[in-house]
Amino acid sequence: MRVERFLRAASARPPAIVCQVGYANGLGVIRDLAREGVPVLALDADPRALGLHSRYAAGMVCPDPAADEEAFVTFLEELGARLPRTAVVFPTHDEYIWPLSRNAARLGGAYHVPFARWPQMRRLYDKRAQLEAAWAAGVDTPRTVFLDDEADLARTGEVPYPGVLKPVESLAFKRRFFRPVLDVAGPDDVRRLWPEIADLGTIMLQERVPGGDDELWTVGSYLDRGSRPLALFTGRKLRQHPRGAGSCRLGEAVWDEHLAQAAVRLLEALRYWGVSQVEFKRDPGDGRYCLMEVNARHWLWHSLAAASGVNLSFVAYSDAIGRPFVAPRQRDGGKWIVASKDLPLALREVWHGELGAGELARSLAGVRTDGVLTPRDPVPGLLNLWRVGRQIVTRQPSRRVEL
C-alpha cells in the first residue's frame, strides 16, 4: 500500500500506526487491524523489516528510538502533522514502548497512546517491581534473590538449583547475550558469570521452575484506563527455541479462568492498562503457576488470540477512539505456528530422537494461523522463507531475540 492511499483512507477512519514490524509480532498487529478495515501505517528503523512489505499497510522507515529517542519522537510529531485524523499508535517492542510512554503527553495532540503512562510503566520496566506487585496480589513466583552488587553473592545459596539469572531491566542483557536468561547449575556458576553481568544493573537469581516448554502459559489481555479487562486470552506454548528460554514456535489456545484472574489481579496491582502478556510456568510437581514476567505489549504469538475470536489489537483501537466493547470468550483448540522456524527444528529433533514422528504429526493438528506466512499477505512470508533458506545454506544462525 502506498502512503498516499493510506492517507486517503485515514481521512475517513482513524488510522493505526504500528511501530517495529520486523517479524511476527508487528505483522500480527497489522493484519489483525487491517482485517477490521483500519488503515495501517507500519514504521520500523530497519528497512528490511517484514511488515514494511505487507499489502495491508503503508510502510515508512523511522529513526531508531534506541539510538536516538529525540529523533524518533520528532519524527512522530512531524508525521502526526500530516495525518488527517488522530491515530492510534501500537509499539510492539520495548525499544518503542518506553519512549512512547515517556512522551505520551507531548504526542497527545496527534496520537491516541492506548497504554499506561510512564509512572505506571516504570513498574513494568522494573522486574523487581513486578515481583513485589505479584507478592502483594497473592500471585506465585519462583524463589528469587536480587543481586545488586558483589556483596549479594553471599546469598546465592538461598535459591534451589538449577537456577537462572535474569535482568531487572532487560534490553542491555538481551543485546549482550542474545537471550533473556542465563542458566546456572549452582553458586559457583553465579560467581563465575558475575564479572560479565555486574554492569547490567540489578540481576535476579531465580529457581528454574521444573517442567517442559509446554508448561509455559500466557494470559494476553487488554485492560482499559480503569484496569477493567475488555479482552482476555489464555494459551500455552507447545514448542519454543531455544528450549528452556526462547521464543514460541508452536502455541495453543486453552482457556484457564483461574490463570486469567490471577493475571488481572497482578495488572490491577501494577495499575497497568493496555495490551499485555503475563507469562506463567506451571510446576508439574505441585501445580503452582509461577510468574515468569509481564510484558507491557503484544507478544510474538498474540495473533492466535485474534484467530480464537479475541482481537486484542482491535479492542485496544476501539477503546482508544471512544467505541469500547468487550471481546467474546475465546474459542479453544486453535494453534499458532511459525512453520519456517518450527518445521526445520522439529524435523531435526525427530532425526536426533528428541521428538517422535507421531508426536510431531499430532502436534500440528489444529494449526489455525502462521505468524508470518499467509496467502492473503504473501510477500512478508516469502521474504522470510528466502532469508531462512539463506541462513541454512550459509550456516549463519540468526541472533534475533523475539518474545
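Residues numbered from 1 in each chain as written. Predicted model: local features only at pLDDT ≥ 70, side-chain atom pairs only at ≥ 80, totals over all residues. Heavy atoms only, no water.

(A) Region of the structure containing the overall build of the chain. Secondary structure summary: the chain contains 15 helices and 16 strands in total. Against the 2.2 N^0.38 benchmark of 22 Å for 403 residues, the chain shows a C-alpha radius of gyration of 21 Å, consistent with a compact globule. The dimensions of the chain, computed from C-alpha atoms along their principal axes, are 60 × 50 × 40 Å. Per-residue burial for the chain yields a buried fraction of 58% across its 403 residues. Only carbon and sulfur atoms are counted for the fraction: they give 51% of the accessible area of the chain, which is about 16,800 Å². Distance from the positive charge centre (54 side chains) to the negative charge centre (49 side chains) of the chain: 6 Å. (Helix = DSSP H or I, 4+ residues; strand = E, 2+ residues; numbered from the N terminus. Rg over C-alpha atoms; globule rule 2.2 N^0.38 Å. Buried < 20%, exposed > 50% of the residue type's maximum accessible area, 1.4 Å probe, protein only. Areas by Shrake-Rupley, 256 points an atom, 1.4 Å probe, with all protein chains shown as cover. Lys, Arg positive; Asp, Glu negative; His and termini not counted. Charge placed at Lys NZ, Arg CZ, Asp CG, Glu CD.)

(B) View of the sheet that holds strand β8 (residues 182-184). The strand order across the open sheet built from 4 strands is β6-β9-β7-β8, with neighbouring strands paired in antiparallel fashion. With partners counted over all chains shown, the strands left at the sheet margins are β6 (144-147) and β8, one partner each. The sheet shows a mean angle of 25 degrees between the axes of neighbouring strands, taken without regard to direction. Sheet topology places β6 next to strand β9 (residues 203-207); 4 bridges connect them, and they run antiparallel. For Phe146, the partnering residue across the bridge sits in β9 and is Met204. Each of β6, β7 (163-167) and β9 is contacted by helix α7 (residues 127-137), which is oriented at about 150 degrees to β6, the strand it contacts most. Packing of helix α9 (residues 187-197) onto the sheet brings it into contact with β6, β7, β8 and β9, and relative to β8 it is tilted by some 150 degrees. (Pairing = 2+ DSSP bridges. Axes fitted to C-alpha atoms, helices over the stretch in contact; angles between N-to-C directions. Contact = heavy atoms within 4.5 Å.)

(C) How the structure looks around the nonpolar core. By size, the foremost hydrophobic cluster in this structure holds 104 residues, and its most contacted members are Ile17, Leu43, Tyr111 and Phe280. Top contributing element to this core by residue count: helix α10 (residues 257-269), with 7 residues. With residues up to four places along the chain from it excluded, the contact list for Tyr111 reads Ile17, Leu76, Leu79, Gly80, Leu83, Thr86, Ala87 and Val89. In terms of nonpolar packing, the next biggest core, distinct from the first, is built from 16 residues, Leu165, Phe173, Phe177 and Val190 among them. (Core = buried A, V, L, I, M, F, W, Y, C linked by side-chain atoms within 4.5 Å.)

(D) Examining empty space enclosed by the protein more closely. Counted by the stated rule, this structure contains 4 cavities of 30 Å³ or more. Taken together, 33 residues form the lining of the largest cavity, with Val181, Ala245, Glu279, Met292 and Glu293 sitting closest to its centre. Residue assignment for the lining of the largest cavity shows that the elements contributing at least two residues are β7, β9, β11 (229-241), β12 (247-253), β13 (274-282) and β14 (289-295). Class assignment of the residues belonging to the lining of the largest cavity gives a composition of 14 nonpolar, 8 polar and 11 charged. (1 Å grid on protein atoms, 1.4 Å probe; cavity = no way out; pocket = protein on both sides within 12 Å on 5 of 7 lines; lining within 4 Å. Points joined across faces, edges and corners; volume = space filled by probe spheres on them. Nonpolar A, V, L, I, M, F, W, Y, C, P; charged D, E, K, R; others polar.)

(E) Focus on the state of the cysteines. Within this structure, the stated rule accounts for 0 disulfides. Free cysteine: Cys248, not disulfide-bonded; nearest cysteine sulfur from Cys290 at 20 Å. What makes Cys290 buried here is its relative accessible area of 0%. (Disulfide = S-S within 2.5 Å.)

(F) Layout of the side chain of Asn25. Within the secondary structure, Asn25 sits in helix α2 (residues 24-34). Relative accessible area serves as the criterion here: at 0%, Asn25 is assigned to the buried category. In terms of polar contacts, Asn25 uses its side chain to reach the backbone carbonyl oxygen of His298, at 3.1 Å. (Polar contact = N/O pair within 3.5 Å; in protein donor to acceptor, adjacent residues only side chain to side chain.)

(G) Structural detail: the pattern of salt bridges. Applying the stated criterion across every chain, the model contains 28 salt bridges. Residues Glu215 and Arg282 are paired through a salt bridge, measuring 3.5 Å at the closest nitrogen-oxygen approach. With Glu215 in the loop between β9 and β10 (216-223) and Arg282 in strand β13, this residue pair connects regions lying 67 residues apart in the sequence. For Glu215, a relative accessible area of 15% corresponds to the buried category. A relative accessible area of 25% places Arg282 in the partly exposed class. Of the charged contacts in the structure, one is a salt bridge between Arg288 and Asp283, with a shortest N-O distance of 3.9 Å. Using a relative accessible area of 24% as the deciding quantity, one classes Arg288 as partly exposed. Here the salt bridges do not stand alone but share partners, grouping Arg143, Glu207, Asp283, Asp286 and Arg288 into one network. (Salt bridge = Lys/Arg side-chain N within 4 Å of Asp/Glu carboxyl O.)

(H) Fine view of the packing of aromatic side chains. Taken as a whole and judged by the stated rule, the model has 11 aromatic pairs. Their ring planes at 90 degrees and their centres at 5.3 Å tell us that Phe72 and Tyr96 sit as a pair that is edge-to-face. With Phe72 in helix α3 (residues 69-82) and Tyr96 in helix α4 (residues 94-102), the pair connects residues that are 24 residues apart, well separated along the chain. Tyr96 matches Phe72 in its accessibility class, with the two residues each being buried. Where Phe314 meets Phe325, the ring centres are 5.9 Å apart and the plane angle is 50 degrees; that geometry is what we call tilted. (Phe/Tyr/Trp six-rings, centres within 6.5 Å; stacked < 30°, edge-to-face > 60°.)

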